Amino acid sequence: MTPWRVHSPAAVLTMAGATMLEMYRDPDDAQEGRPQYVRPFVAGEFFTVHPGTLCATRGTAATVQVLATTEPVTDRERPLSGAAYASIARRARRHLEQASQTPAGGL
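For the structure given in this document, a descriptive report is provided here. Within each chain, residues carry numbers counting from 1 in the order of the written sequence. Local features are withheld for residues below a pLDDT of 70 in this predicted model, meaning they are given only at 70 or higher, and side-chain atom pairs are given and counted only at 80 or more; totals for whole chains, interfaces and linings count all residues. Calculated side-chain values reflect all of the structure's heavy atoms, with hydrogen atoms and water omitted.

## Thoughts on the overall build of the protein
Counting its secondary structure elements, the protein contains two helices and seven strands. Numbering of helices and strands starts at the N terminus; helices are DSSP runs of H or I of at least 4 residues and strands are runs of E of at least 2. The order of α-helices and β-strands along the protein, N terminus first, is β-β-β-α-β-β-β-β-α. Per-residue accessibility, obtained with a 1.4 Å probe over protein chains only, is compared with the maximum for each type, and a residue is labelled buried under 20%, exposed over 50%, and partly exposed between these values. Counting over 107 residues, the protein shows a buried share of 24%. Contacts are assigned to residue pairs that have any heavy atoms within 4.5 Å of one another. A separation of at least 24 residues holds for 77% of the contacts in the protein among residues at least 6 apart in sequence. To be clear on the numbers: accessible area is Shrake-Rupley with a 1.4 Å probe, and residue cover counts the displayed protein chains and nothing else. Counting only carbon and sulfur atoms, one obtains 55% of the accessible surface of the protein, whose full area is about 7,300 Å².

## Quick look at the pattern of salt bridges
When a carboxyl oxygen of Asp or Glu lies within 4 Å of a side-chain nitrogen of Lys or Arg, that pair is called a salt bridge. Evaluated as defined, the whole model comprises three salt bridges. We note a salt bridge from R34 to E32, for which the minimum N-O separation is 2.1 Å. Since its relative accessible area comes to 39%, R34 is described here as partly exposed. Overall, the relative accessible area of 52% leaves E32 in the exposed class. One salt-bridge network, held together by shared partners, links D29, E32 and R34.

## What to know about the sheet that holds strand β1 (residues 4-5)
DSSP calls a pair of strands paired once it identifies at least 2 bridges connecting them. The four strands are arranged β1-β6-β3-β4 in an open sheet whose pairing can be described as antiparallel. On the outer flanks of this sheet lie β1 and β4 (37-42), each paired with one strand and no other. Pairing of β1 with strand β6 (residues 54-59) involves two bridges; the strand directions are antiparallel. Pairing of W4 across the sheet is with C55, part of β6.

## Considerations on the environment of L67
Counting through the fold element by element, L67 comes out in strand β7 (residues 64-69). As a C-alpha pair, L67 and T48 span 19 residues in sequence and 9.7 Å in three-dimensional space.

## Quick notes on the sheet that holds β7
Pairing is antiparallel across the open sheet formed by three strands, whose spatial order is β5-β2-β7. Edge positions in the open sheet fall to β5 (46-49) and β7, since each of these has one partner strand only. Across the sheet, the mean angle separating the axes of adjacent strands is 20 degrees when strand polarity is ignored. Sheet topology note: the strand β2 (residues 10-16)/β5 ladder contains four bridges and is antiparallel. Counted as the bridge partner of L13 is F46 from β5. Between N-to-C directions, angles cover 0 to 180 degrees, with each direction set by a line fitted to C-alpha atoms, over the stretch in contact for helices.

## Focus: the pairing of β6
Across six bridges, strand β3 (residues 18-24) lies against β6 in antiparallel orientation. Within β6, the position partnered with E22 by the bridge is A56.

## Let's talk about the side chain of T63
Summarising the element assignment, T63 is placed in the loop between β6 and β7. Here a polar contact is recorded for every N or O atom pair within 3.5 Å, except that within protein the pair must consist of a potential hydrogen donor and a potential acceptor, and residues adjacent in sequence are included only if both atoms are side-chain atoms. Polar side-chain contacts of T63 include one of 2.7 Å to the backbone oxygen of A18. Engagement of the side chain of T63 in a polar contact is seen with the backbone nitrogen of T60, the distance being 2.8 Å.

These figures come from the coordinates and say nothing about function on their own.
This is how it looks when you write it as structure tokens:
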């Protein structure tokens, strides 16, 4: 897991799969692998982060997340190809449609 600094308020909803979240107090803790907070999130659970937070996430191959933020996300590992973007968008749409048919609290 590679720590990254949050630049704007954000909320992350795990729609499918699982996400492991680690939060660090400062860069030294991150470098030495001493997170201050560690928690897994499964489908239907979300977390929020505020600017200045140093965190790391890891998901399973089946993880689909919805990211809501006040700023555009620009520093990605690598750009998605058109086919990869289309595939991820179809998976996300399928999970969102399934969730919308689920009673509140049933995710």
